[in-house]
Amino acid sequence: MTSEEARHLQKRENIRSLTMCGHVGFENLPDQLVNRSIQQGFCFNILCVGETGIGKSTLIDTLFNTNFEDHESSHFYPHVRLKAQTYELQESNVRLKLTIVNTVGFGDQINKKESYQPIVDYIDAQFEAYLQEELKIKRSLFNYHDSRIHVCLYFISPTGHSLKTLDLLTMKSLDSKVNIIPVIAKADAISKTELQKFKIKLMSELVSNGVQIYQFPTDDETVAKINASMNGHLPFAVVGSMDEVKVGNKMVKARQYPWGIVQVENENHCDFVKLREMLICTNMEDLREQTHSRHYELYRRCKLEEMGFTDVGPESKPLRILQKLFSLQETYEAKRHEFYGELHRKEEEMKQMFVQRVKEKEAILKEAEREAKAKFDHLTRVHQEERMKLEEKRRLLEEEIISFSKKKATSEIYQNQTFMAMGSNLKKDKDRKNSNFM
């Protein structure tokens, strides 16, 4: 027994019990509490985890007997994302603010290694938002919209074999953060015998892997018997449908197949009624209470311990308010120094990184300049060599032209001389002929 528990026990022993002599009126406190709660309304947040197309939206519609008009999701999302939608429902004079959070794209990726991480981050984000509201000086928790997840309906595919690795990893990551109720979706896909064996195998795997699912409470005598009985039916094998089929003289929600009709609210066909009774009618308030007193308190304690808060001093004595404030101041100073130290370290790293990158860029530019100069020198040499070759060709061509001109002149002179010689001979022959004729 801790010192704080012993102190509370001692205080309890010092309380005297007295008998009143007449009516006072504080017996009406429960009625006042009920009236206040009805006036304020209630909130309930459900997280639906399961593969796309497994029937999450259909089951939620069937549970609350309404159409939430949730659009069908694609199988081709690159990452898992969570989509939250809040609705206002009213039954008789009780108002319920219902938030349904759906895991879009869960289990659709080829690499499913980190599929559960966005779900964990979302649950922690809701806890963090509530904690920040609690730590404010001026709080408004009365009007605060509590978005903490009260229950996780984990939809399991009706394979009839065993849990997938992704299912085990996801539930193991969530069991300390949320109340998990596993359900076998589309339970009409396998026979009753296979379904019973499948249930036994699933529970065996959950226990052997240390997965803590939500157990319906048995400490309240009014519901202890039914809750203990329902704990033995987990996981619930459910079928969802908003379609109505005529069976006998009445219309019932059912799924119609060529081989027969599966009635949603017939306990011989599936466990839908058991799930609805346990989730909504009997244990909704316990789920809300467990979320606040167990899961949120665990998150809050871990967060405050990380921030340096403590309830006891160095001598294991309880800290008073001023001491806690001083502890807060010390924590603030320590965190401040740690923050500035981290900031300075990051600045130095960024400076070193900047200098390194400048040096690398300078080296790259120098190398590029050297390569450009070498290329320029090479092109200059090639140009000079080509120019010298062209000059040589030009010189040879000019020499050939001069030689050709000389040969042409010589040829012309020779032709003229030959022509003149031939003319002279022709004239002599003509004169000779004329003389002979005379």
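Here, the structure is the one placed above.
First, a word on scope: everything that follows refers to the structure included in this document.

**Examining unusual backbone geometry**
Inference 1: Omega for the bond connecting L234 with P235 falls within 30 degrees of zero, at -10°, which places this linkage in the cis form.
Inference 2: Even without glycine at this site, K186 takes up a positive phi of about 50°.
Inference 3: Along the chain, K186 turns up in the loop between strand 5 (180–184) and helix 6 (192–208).
Inference 4: Under the relative-accessibility criterion, K186 is labelled partly exposed at 43%.

**Things to note about the sheet that holds strand 8 (residues 250–257)**
Inference 1: In space, the 3 strands of this open sheet follow the order 7-8-9, with antiparallel pairing throughout. For this open sheet the edge positions go to strand 7 (244–247) and strand 9 (260–263), each flanked by a neighbour on one side alone. In this sheet, adjacent strand axes meet at a mean angle of 65° when their direction is disregarded.
Inference 2: Alignment of strand 8 against strand 9, held across 4 bridges, turns out to be antiparallel. When the bridges of strand 9 are listed, A254 appears paired with Q263.

**Thoughts on the pattern of salt bridges**
Inference 1: Per the counting criterion, the structure on display carries 17 salt bridges.
Inference 2: Note that R300 is salt-bridged to E297, the shortest N-O span being 3.6 Å. In this pair, R300 and E297 are both assigned in helix 9 (residues 284–306), 3 residues apart and thus about one turn of the helix distant.
Inference 3: When its relative accessible area of 28% is taken as the criterion, R300 is described as partly exposed.
Inference 4: Linking R395 and E399 is a salt bridge whose minimum nitrogen-to-oxygen distance equals 2.6 Å.

**Observations concerning a nonpolar patch on the surface**
Inference 1: A surface patch of nonpolar side chains, about 430 Å² in accessible area, is lined by M20, V24, F26 and L29.
Inference 2: Looking at the secondary structure, you find L29 in helix 2 (residues 29–40).

**Looking at the nonpolar core**
Note on soluble globular proteins: their nonpolar side chains tend to be buried together.
Inference 1: In terms of nonpolar packing, the biggest core is built from 71 residues, with I181, F236 and L275 touching the most fellow members.
Inference 2: In terms of residue count, the dominant contributor to this core is helix 4 (residues 117–134) (7 residues).
Inference 3: Contact partners of F236, with chain neighbours within four places excluded, come to I181, P182, V183, I184, F216, M230, D271, K274, L275 and M278.

**Some thoughts on the sheet that holds strand 3 (residues 94–104)**
Working definition: the strands of a sheet are paired by backbone hydrogen bonds and lie parallel or antiparallel to each other.
Inference 1: Read across the open sheet, the 6 strands follow the order 2-3-1-4-5-6; overall the sheet is mixed. Because the sheet does not close on itself, it has two edges, and the strands there are strand 2 (81–91) and strand 6 (236–237).
Inference 2: In this sheet, strand 4 (residues 151–156) lies alongside strand 1 (residues 42–49) in parallel orientation, the contact comprising 4 bridges. Looking at strand 4, one finds that C48 is bridged to L153.
Inference 3: Sitting on the sheet, helix 9 touches strand 1, strand 3 and strand 4, and the angle it makes with strand 1 is about 80°.

**Some thoughts on helix 5 (residues 165–174)**
Inference 1: Taken as a whole, helix 5 has its buried residues at L166, D167, L168, T170, M171 and L174.
Inference 2: Structurally, helix 5 contributes buried residues whose contacts are with strand 1, helix 4, strand 4, strand 5 and helix 6.

**Some remarks on the packing of helix 4 against helix 9**
Inference 1: Two elements in contact, helix 4 and helix 9, have axes whose closest approach is 10 Å; the angle formed by their N-to-C orientations is 80°. Relative to helix 9, the element helix 4 is oriented roughly perpendicular. Mapping the contact onto sequence places D124, F127, E128, Y130, L131 and E134 in helix 4 and T291, H292, H295, Y296, Y299, R300 and K303 in helix 9.
Inference 2: Of the residues in the contact of helix 4 with helix 9, the class split is 5 nonpolar, 3 polar and 5 charged.

Procedures and definitions
- Residues numbered from 1 in each chain as written.
- Predicted model: local features only at pLDDT ≥ 70, side-chain atom pairs only at ≥ 80, totals over all residues.
- Heavy atoms only, no water.
- Helix = DSSP H or I, 4+ residues; strand = E, 2+ residues; numbered from the N terminus.
- Buried < 20%, exposed > 50% of the residue type's maximum accessible area, 1.4 Å probe, protein only.
- Pairing = 2+ DSSP bridges.
- Axes fitted to C-alpha atoms, helices over the stretch in contact; angles between N-to-C directions.
- Salt bridge = Lys/Arg side-chain N within 4 Å of Asp/Glu carboxyl O.
- Patch = residues over 30% accessible without salt bridge, like charges linked within 9 Å, V, L, I, M, F, W, Y side chains within 5 Å.
- Areas by Shrake-Rupley, 256 points an atom, 1.4 Å probe, with all protein chains shown as cover.
- Core = buried A, V, L, I, M, F, W, Y, C linked by side-chain atoms within 4.5 Å.
- Contact = heavy atoms within 4.5 Å.
- Parallel < 35°, antiparallel > 145°, perpendicular 65-115°, else oblique.
- Nonpolar A, V, L, I, M, F, W, Y, C, P; charged D, E, K, R; others polar.

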